[in-house]
There are 2 protein chains.
Amino acid sequence: MNGERLILVTNDDGYDSKGMAAAIEVARSFGRVVAVAPETTQSGMSQAITMHAPLFLRRVRTEEGLELYAFSGTPVDCVKMAFDHLFREERIDLVISGINHGSNSAVNVLYSGTMGAAIEGSFYGCPTVGLSLCDHGADADFEASIAWGKRIVGDLLAAEVALPLCLNVNIPVGRPETIRGLRLCRQNRGFWREEFFRREDPRGRTYFWLTGDFVNAEPDAEDTDEWALAHNYVSVVPIQVDMTDYGGLETLRNVLKN
Amino acid sequence: MNGERLILVTNDDGYDSKGMAAAIEVARSFGRVVAVAPETTQSGMSQAITMHAPLFLRRVRTEEGLELYAFSGTPVDCVKMAFDHLFREERIDLVISGINHGSNSAVNVLYSGTMGAAIEGSFYGCPTVGLSLCDHGADADFEASIAWGKRIVGDLLAAEVALPLCLNVNIPVGRPETIRGLRLCRQNRGFWREEFFRREDPRGRTYFWLTGDFVNAEPDAEDTDEWALAHNYVSVVPIQVDMTDYGGLETLRNVLKN
């Protein structure tokens, strides 16, 4: 019964990550799964593509209802490889990207490899769900994320209306029973302020590690994803890709002349 | 007279690229310049950040009114390094990212390292201009881009209104006299369809090169950047970073329940 749907799974933590296995578990409830993910971790890779290097594809394994590939490119490269090469002649019904180790709420949608891949999937006219768990730990508990992932994907596949093509779903840390529900949200405004940790290598060369803190510019706004997550709700933000600042366009008419 | 303004220049083709020199030439008309750009080409790096590797900073040279640094990270890392480390105690008045070899119109804003850096600059509350020339060639002629860059930056700095913080400026190929003027535009809708070129290495391993074509989904829409460029106008799209699909949010209220 599920065999008719083809679901693409990708991930930015690598083809053998715990979050990838969790996303495959979500996807297998709904159809045949093809999973294409980077050979190595690609966190923070945004919507990067590989323009100046050759890319190697490796079939890791095939089993009933699942084909798993590792690809040497970025998460977006993986999505392109699936749609434009591996499954060019078949229809992919849904893309699941994740489950990411760590939040992709707020402006992190722009830095995230998980969401970069999800957005890319939507360019193929295919519903895509980016799933992220707000826990960077190697021992992160994905049980609640899997349950909510299944519930959201199930509701989307059952819907009889035209849906937004890309969803940014974040799941708070905790056991399933501690999560208060789901909230539809807008993207919180905020930004990162970085601290560069400075070190010296054994040869006396200075190097830096990028590290920083997210500044929530509107902590009291109850309609944002940050608020939902801080209050133990699953946040769902539908994503579109027109970045035009329409208000700014009007302002500029008096500033930049033809 | 110009010494009071501090202008950050960055680029995704590397600190010693021709486009970087062109952007520095634009910036030097308006103030003291600090240039921080990647050691090597980082085209297509989007808004990627380096989370899992140390970063090395190298001062390339200092001359009257210019400090030039090469950084081992991504274009966005370069912007963060400038604001959060090198010039943490100083005010940067403007960021120029570019001049890119190749168009960053339409959805390319999402893949572009040039625009990734420009968007990052805007997070620091600083006006930023991404400049791209629609010519990938190594012998690209930057003369018109430099002239238009100076004109646009001059108009922005002279403006007495609150401006959009980030502009995506693309300049068509050609001599200055062939350009018909400037158009304020919205981002064209469209997407890439890829062809993976397949080759074999000397050891028989298959590899792929990513290559593709942009599909303009609305070729007749005269208010888009693609139309402007196709008709020999400089295109200017103000960019904002709230990717929430507000219409989709309403649709979802009937699909995803709490």
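Residue positions within a chain follow its written sequence, with the count starting from 1. Ligands are numbered from 1 and chains lettered from A, in the order in which they are written. Totals for whole chains, interfaces and linings use all residues, but because this is a predicted model, local features are given only for residues with pLDDT of at least 70 and pairs of side-chain atoms are given and counted only at 80 or more. To get the side-chain values, all heavy atoms of the structure are used, and hydrogens and water are removed first.

1. Observations concerning the relation of the copies chain B and chain A
Cut-off, in case you're wondering: Each copy is superposed on the other by least squares, with the fit set by C-alpha atoms of residues at a pLDDT of at least 70 in both. Note on definitions: a residue-residue contact is assigned when non-hydrogen atoms from the two residues lie within 4.5 Å.
Superposing chain B onto chain A takes a rotation of 180° plus a shift of 0.0 Å along the axis, which leaves an RMSD of 0.0 Å. Between the two chains, the operation in question is that of a two-fold axis. No C-alpha of chain B lies nearer the rotation axis than that of B:Ser46, which sits 3.0 Å from it. The overlap is high: 100% of the interface residues of chain B also sit at the interface in chain A, so the same surface is used on both sides.

2. Observations regarding the sheet that holds strand β2 (residues 32-38) of chain A
Residues and elements named next belong to chain A. Going by this rule: Any two strands between which DSSP finds at least two bridges are classified as paired. Here a helix means four or more residues in a row that DSSP labels H or I, a strand means two or more in a row labelled E, and each is numbered from the N terminus. To define axes, lines are fitted to C-alpha atoms, for helices over the stretch in contact only, and angles between the resulting N-to-C directions are given on a 0 to 180 degree scale.
The strand order across the open sheet built from nine strands is β3-β4-β2-β1-β5-β6-β7-β11-β8, with neighbouring strands paired in mixed fashion. Among the strands making up the open sheet, the edge pair consists of β3 (57-63) and β8 (181-184). This sheet shows a mean twist of 20° between the axes of neighbouring strands, independent of strand direction. Where β2 lies against strand β4 (residues 66-71), six bridges are found, and the strand directions are parallel. Bridging across to β4, Pro 38 finds its partner in Phe 71. Across the sheet, helix α4 (residues 113-122) is in contact with β1 (6-10), β5 (94-101), β6 (128-133) and β7 (166-171); its angle to β6 comes to roughly 170°.

3. Things to note about the interface of chain B and chain A
What counts is decided by this rule: Summed over both partners, the accessible area (1.4 Å probe) lost when two parts come together is defined as the buried area. Each reported salt bridge corresponds to a side-chain nitrogen of Lys or Arg within 4 Å of a carboxyl oxygen of Asp or Glu. Think of a polar contact as two N or O atoms within 3.5 Å of one another; within protein, one of them needs to be a possible hydrogen donor and the other a possible acceptor, and neighboring residues in sequence only count if both atoms come from side chains.
Listed per partner, the contact involves 85 residues of chain B and 85 residues of chain A. Buried area between chain B and chain A, both sides added, is near 7,500 Å², and the carbon and sulfur share of it is 65%. By the criterion of area lost to chain A, the three top residues of chain B are B:Tyr111, B:Met243 and B:Leu256, representing 10% of everything that side buries. One can count four salt bridges joining chain B with chain A. Across the salt bridge formed by B:Glu195 and A:Arg88, the nearest N and O atoms sit 3.5 Å from each other. Across the contact surface, chain B and chain A share 29 residue pairs in polar contact (both at pLDDT 80 or more).

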